[in-house]
Amino acid sequence: MLGRGGLASTRHAAAERGGVAMSARLGDVTVEVAVRRRERVRVLDDVTLDLPAGAMTALVGESGCGKSMVAATLCGLLSPGSGVTGRLCLGDDTFLGDEICGRDPRWRALRGRRVGLVPQSAATSFTPVRTLGSQLDEVIAGLDGAREAVELCREVHLDPDALQLYPHELSGGMAQRAAIAAALAGDPEILVADEPTSALDPDLAAAIWSLLVDTARRGAAVLVITHDMDTLRRAEECDSVAVMRAGRIVEHRAAADLESSDDEYVAAFFEPVS
Ligand SMILES: Nc1ncnc2c1ncn2[C@@H]1O[C@H](COP(=O)(O)OP(=O)(O)OP(=O)(O)O)[C@@H](O)[C@H]1O
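Note that the structure is predicted; figures quoted are calculated from it, not measured. (Residues numbered from 1 in each chain as written. Predicted model: local features only at pLDDT ≥ 70, side-chain atom pairs only at ≥ 80, totals over all residues. Heavy atoms only, no water.)

Section: helix α2 (residues 67-74)
To be explicit about the condition: The classification of residues rests on relative accessible area computed with a 1.4 Å probe and restricted to protein chains. Under 20% of the type maximum is buried, over 50% is exposed, and intermediate values are partly exposed. In DSSP terms, a helix is any run of H or I states spanning at least four residues, a strand is any run of E spanning at least two, and both are numbered starting from the N terminus.
Of all the eight residues making up α2, six are buried; the element is thus mostly covered by neighbouring parts of the structure. Every buried residue of α2 is accounted for by K67, V70, A71, A72, T73 and L74. The positive-phi residue at the C-terminal boundary of α2 is G76, with phi of around 65°.

Below is the structure:
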C-alpha cells in the first residue's frame, strides 16, 4: 500500500501558495555548455516541453541525447558558463535566457519546495560521512517539510531502519528510494525524476511508478526520465511520452500513439522486446 501522507499535504501546500497548482513549460530552449575556454557544445536545441499540473509525463531517448539536461534546466541547475536562450515558465515565474541557469535569486524559493529533483546519481547525492537519517532530517528542516523521515521512507517503500545507515551501506535501489524521499520532502508541485527506477527490481520499480503517478494525480506536474520501457509500458496512467534525439524533442504524444509513429527511431522505443 502506498503512503498517502503526501496526498493531503501537497494539496495543502498548493492551497497555501495561492491555490493554483503549478505547471512547467520549456519554450524554445537552447542550451550550450562550456567545454573549454571560449568553446561551447549545444546540448539542447530549441526544446519546447509542456508539463501540465496533475499530469505524468515521461521523457525517453537514446543515451546522451540530452534528457538529464532537460532535468537540469527545469531545476535551475545548469553549470555556470552555459549559454541559454528561450523561456522557462514555472507557475507564475518566467525565466528568460541566462536566468534559467540558476543564479537568479528566485530559484532559492523554488528549488526543493516547488521544484523537486530525483537525480540520476542517487548514491552520490548524499554525503558519505553522515547517516541517511541525519541528512533526510536536515532536508526536511530546510524545506519546512510536513512529514518526518520515517514517514517519507514508508512512502517510497524503504525500510526506516535504513535511516541509521551511511550512504555506502545502502544498495543502489535503497539509495534511489532515499533520493526520492528527499525529493518529496518539500512536497514539490513539479517533480523531475531522472531514471528513478534504474536500480530497482521490476516489482519495486512498478511500486515507485505508482507513487509517481499518485504524485501527479494529487496535482503535481511530474516528469520521469527513463530507459525502463517495460515499466513505462505497464504504467497505463502515464499521460504522455516525449521522445528526444540529439538535443531535440522529436515527438510528444500519448504512448499509444507513439507505438505507431512513422518515425522509426520513435517507434523502436515502443516495440515489445521478444
Ligand atoms: N558538463 C558538460 N560538459 C560538456 N558536455 C556535457 C556536459 N554534461 C553533459 N554533456 C553532454 O550533453 C549531452 C547530453 O547529456 P545528458 O546527460 O543530458 O544525456 P542523457 O540523455 O541524459 O544520457 P543518459 O541516458 O546516458 O543519461 C551529452 O552529449 C553529454 O556528453
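Topic: the packing of aromatic side chains
Cut-off, in case you're wondering: Ring pairs are drawn from Phe, Tyr and Trp, using the six-membered ring of Trp, whenever the two centres fall within 6.5 Å, and their geometry is named by plane angle: stacked under 30 degrees, edge-to-face over 60, tilted for the rest. Only when the NZ of Lys or the CZ of Arg is both within 6 Å of the ring centre and within 35 degrees of the ring normal is a charge said to sit over the ring.
In total, this model carries two aromatic pairs according to the counting rule given. Relative to F269, the ring of Y265 has its centre 5.3 Å away and its plane inclined at 80°; by these criteria the two rings are edge-to-face. Highlighted residues: Y265 and F269, both in helix α10 (residues 264-269), separated by four residues, approximately one helical turn. Of the two residues, Y265 and F269, neither departs from the other in class, the shared state being buried. For the cation-ring pair, R106 lies above F95, with the distance from its terminal atom to the ring centre recorded as 4.1 Å. Between R245 and the ring centre of Y265, over which it is positioned, the NZ or CZ distance is 4.3 Å.

Re the state of the cysteines
Selection rule: Disulfide assignment relies on a single distance test, namely cysteine sulfur atoms paired within 2.5 Å.
Counted by the stated rule, this structure contains zero disulfides. The structure places no disulfide on C75, whose sulfur is separated from the nearest cysteine sulfur, that of C101, by 13 Å. Under the relative-accessibility criterion, C75 is labelled buried at 2%.

Quick word on the environment of R233
By the element assignment, R233 lies in helix α8 (residues 229-234). Judged by its relative accessible area of 29%, R233 falls in the partly exposed class. Sequence separation of R233 and P52 is 181 residues, and the distance between their C-alpha atoms is 21 Å.

As for the pairing of strand β9 (residues 240-245)
For the record, the criterion: Following DSSP output, two strands are said to pair if at least two bridges run between them.
Within β9, five of the six residues are buried, leaving the element largely enclosed by the surrounding structure. Note: β9 against strand β10 (residues 248-253), five bridges, orientation antiparallel. Paired with V241 across the strands is R253, a residue of β10.

Points about the confidence of the model for the protein
Just so we agree on the cut-off: The predictor reports its confidence for every residue as pLDDT, a score running from 0 up to 100. Throughout, a residue-residue contact means that at least one pair of heavy atoms, one from each residue, lies within 4.5 Å.
Averaged over all residues, the pLDDT of the protein is 87; the fraction at 70 or higher stands at 91%. Segment residues 1-19: pLDDT under 50, and 30 contacts once partners within four positions in sequence are set aside and those in other chains are kept.

Considering the layout of surface pockets
Put simply, the rule reads: Any residue with an atom within 4 Å of a point lines the site, the site being either a cavity, points on a 1 Å grid over the protein atoms alone where a 1.4 Å probe fits but cannot get out, or a pocket, an open set with protein on both sides within 12 Å along at least 5 of 7 lines. Grid points are joined across faces, edges and corners, and a volume is the space filled by probe spheres set on the points. Residues are grouped as follows: nonpolar covers Ala, Val, Leu, Ile, Met, Phe, Trp, Tyr, Cys and Pro; charged covers Asp, Glu, Lys and Arg; every other residue, Gly included, is treated as polar.
Reported here for the largest pocket is a volume of approximately 410 Å³. Forming the walls of the largest pocket are 17 residues, and the residues nearest its centre are G112, L117, P119, A182 and A183. Those elements giving two or more residues to the lining of the largest pocket turn out to be β6 (115-118), α4 (132-142) and α6 (172-184). In terms of residue class, the lining of the largest pocket is made up of eleven nonpolar, four polar and two charged.

Things to note about the side chain of E189
To keep things clear, this is the line we draw: A 3.5 Å cut-off defines polar contacts: any pair of N or O atoms within that distance qualifies, except that in protein one atom must be a possible hydrogen donor and the other a possible acceptor, and neighbouring residues in sequence count only when both atoms are side-chain atoms.
Mapped onto the elements of the fold, E189 is located in the loop between α6 and β7 (190-194). On the basis of relative accessibility, which here comes to 2%, the residue E189 falls in the buried class. Separated by 3.0 Å, the side chains of E189 and R114 make a polar contact.

Topic: the environment of A207
Along the polypeptide, A207 turns up in helix α7 (residues 202-217). Remark: the alpha-carbon pair of A207 and T231, spanning 24 residues in sequence, is separated by 9.9 Å.

Re the nonpolar core
Put simply, the rule reads: The set of buried Ala, Val, Leu, Ile, Met, Phe, Trp, Tyr and Cys residues whose side-chain atoms join them within 4.5 Å is what this entry labels a nonpolar core.
Ranked by internal contacts, the top residues of the largest apolar core, which has 51 residues, are M56, L132, V241 and V243. In contact with V243, not counting residues within four places along its chain, are V60, R248, I249, V250, E251, L258, Y265, V266, F269 and F270. A24, A71, L90 and A242 belong to the second largest nonpolar core, which has 36 residues in total.

Re the sheet that holds β7
The strands making up a sheet are joined through hydrogen bonds of the backbone, oriented either antiparallel or parallel. Here is the rule we go by: As a rule, the C-alpha atoms of each element are fitted with a line to give its axis, helices using only the stretch in contact, and angles between N-to-C directions run from 0 to 180 degrees.
As summarised here, the arrangement of the six strands in space is β6-β7-β8-β3-β9-β10, forming an open sheet in which the pairing is mixed. Each of the sheet's edge strands pairs with one partner strand only, and the pair in question is β6 and β10. Neighbouring strand axes in the sheet, compared pairwise and without regard to direction, differ in orientation by 20° on average. Relative to strand β8 (residues 221-225), strand β3 (residues 56-61) is paired through four bridges, and the arrangement is parallel. Residue pairing across strands places A58 opposite V224, the latter belonging to β8. Packing of α2 onto the sheet brings it into contact with β3, β6, β7, β8 and β9, and relative to β8 it is tilted by some 150°. Contacts from α6 reach β6 and β7 within the one sheet, and its direction differs from that of β6 by about 175°.

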